[in-house]
Amino acid sequence: MIKKILKFRCFAGLIVWIFLLFIANQSMAATYCVSNEADLTAALNEAKVNGADDVIKIQQGTYYGNFVYASTESFGLTIEGGYTALCASRVVDPSNTILDGEKAGIVLVLSNPNEPATFVVEGITLQNGDYARVGGLYALTEGGEVTFNNNIISNNSESGVYFKRIKTVNMTNNTITANSSTYGGGIYL
């Protein structure tokens, strides 16, 4: 009888420990709602080191600059455009959420050179990027996966989209237009 009670207590303790571990891991993940360039940069910087899969929700508008996520952790990042104020609702239309590089570098960099990561970009226009071989999106992950849906890539001086060392690329319903480069104006793999 005592043996059964001890087994039960050990089993119950293990279940509680697993539950607490699960909750602790869940609390590290973050969802960001951004409404300006500084918030977007801060969210990308925090997501690259917080040890969890993250979602960045971008409110409708135009964001000027070059936005970089460069991580060495094997966690995923999802970036979604089209959100209304305070990210209360979403309209997936890439023309309402624009990242504009102002011809001063790559518009969006998603990089994890050492680990397989998962990147998702949806409902965003990436325009006016200009850097050596890359303009709009540069995605690098060693054996990882990129999902790129419902986006517009336009007016980039160099490749609109550059995918490097990625195992799987999923692209649906994107418009890639008016990009120019000697290494693949629209997409370079």
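So, here's what we can say about the structure. (Residues numbered from 1 in each chain as written. Predicted model: local features only at pLDDT ≥ 70, side-chain atom pairs only at ≥ 80, totals over all residues. Heavy atoms only, no water.)

1. Points about the overall build of the protein
Assigned secondary structure in the protein consists of two helices and 14 strands. As displayed, the protein offers around 9,600 Å² of accessible surface, 58% of which is attributable to carbon and sulfur atoms. (Helix = DSSP H or I, 4+ residues; strand = E, 2+ residues; numbered from the N terminus. Areas by Shrake-Rupley, 256 points an atom, 1.4 Å probe, with all protein chains shown as cover.)

2. As for the nonpolar core
Ranked by size, the top nonpolar core spans 31 residues in total, and within it Ile56, Ile58, Leu77, Ile79, Leu99, Leu110 and Leu126 carry the most contacts. Filtering out sequence-adjacent residues up to four positions away, Ile79 remains in contact with Leu44, Ile56, Ile58, Leu108, Leu110, Val120, Val121, Glu122 and Ile124. Counting residues in each nonpolar core, the second largest holds six residues, with Ile106, Val134, Tyr138 and Tyr162 among its members. (Core = buried A, V, L, I, M, F, W, Y, C linked by side-chain atoms within 4.5 Å. Buried < 20%, exposed > 50% of the residue type's maximum accessible area, 1.4 Å probe, protein only. Contact = heavy atoms within 4.5 Å.)

3. Some details on the pairing of strand β4 (residues 67–70)
Residue alternation in β4 divides its side chains into a buried set, Phe67 and Tyr69, and an unburied set, Val68 and Ala70. As defined by bridge partners, β4 adjoins strand β7 (residues 108–112) across four bridges and the pair is classed as parallel. From the neighbouring strand, Val68 faces β7, where its bridge partner is Val109. (Pairing = 2+ DSSP bridges.)

4. Quick word on the pattern of salt bridges
Following the criterion strictly, the structure yields three salt bridges and no others. Here Arg90 ties to Glu122 by a salt bridge, and the two come within 3.0 Å at their closest N and O atoms. Here the residue Arg90 occupies a position in the loop between β5 (77–83) and β6 (97–100), and Glu122 occupies one in strand β8 (residues 118–122), the gap between them amounting to 32 residues. A relative accessible area of 25% places Arg90 in the partly exposed class. The shortest N-O distance in the salt bridge between Arg165 and Glu142 comes to 2.6 Å. In this pair, Arg165 sits in strand β12 (residues 157–172) while Glu142 sits in strand β10 (residues 130–149), placing the two residues 23 residues apart along the sequence. Each of Glu80, Arg90 and Glu122 takes part in salt bridges that share partners, so that together they form one network. (Salt bridge = Lys/Arg side-chain N within 4 Å of Asp/Glu carboxyl O.)

5. What to know about the state of the cysteines
One pass over the structure, following the stated rule, counts one disulfide. A sulfur-sulfur separation of 2.0 Å characterises the disulfide bridge that pairs Cys33 with Cys87. One quick way to see it: the torsion about the S-S bond of Cys33 and Cys87 is about 95 degrees, and its sign makes the bridge right-handed. Residue Cys33 is found in strand β1 (residues 30–34), and its partner Cys87 is found in the loop between β5 and β6; the two are separated by 54 residues along the sequence. On the basis of relative accessible area, Cys33 is assigned to the partly exposed category, the value being 35%. The exposure class assigned to Cys87 is buried, which follows from its relative accessible area of 14%. (Disulfide = S-S within 2.5 Å.)

6. Comments concerning the sheet that holds β6
Whether parallel or antiparallel, the strands of a sheet pair through hydrogen bonds between backbone atoms. One open sheet holds the five strands; their spatial order is β3-β6-β9-β11-β13, and the pairing between them is parallel. The open sheet has two edge strands with one neighbour each: β3 (61–64) and β13 (175–177). Strand-to-strand, the axes of this sheet are offset by a mean angle of 15 degrees, without reference to chain direction. Taken together, the three bridges between strand β9 (residues 125–127) and strand β11 (residues 152–154) define a ladder with parallel strand orientation. Residue pairing for β11: Thr125 is matched across the bridge by Ile152. (Axes fitted to C-alpha atoms, helices over the stretch in contact; angles between N-to-C directions.)

7. Points about the packing of aromatic side chains
Remark: the centre distance and the inter-plane angle together describe each pair of aromatic rings, the angle taken between the planes. As enumerated under the stated definition, the model contains four aromatic pairs in all. With 5.4 Å between their ring centres and 55 degrees between their planes, Tyr138 and Tyr162 make a pair best called tilted. Of the two residues, Tyr138 is situated in strand β10 and Tyr162 in strand β12; the sequence distance between them amounts to 24 residues. Across this residue pair, the class does not change: Tyr138 and Tyr162 are buried. Ring geometry for Tyr162 versus Tyr188: centroids 4.6 Å apart, planes at 50 degrees, classification tilted. With Tyr162 in strand β12 and Tyr188 in strand β14 (residues 187–188), this residue pair connects regions lying 26 residues apart in the sequence. By the ring-pair criterion, three or more aromatic residues cluster together here, those being Tyr138, Tyr162 and Tyr188. (Phe/Tyr/Trp six-rings, centres within 6.5 Å; stacked < 30°, edge-to-face > 60°.)

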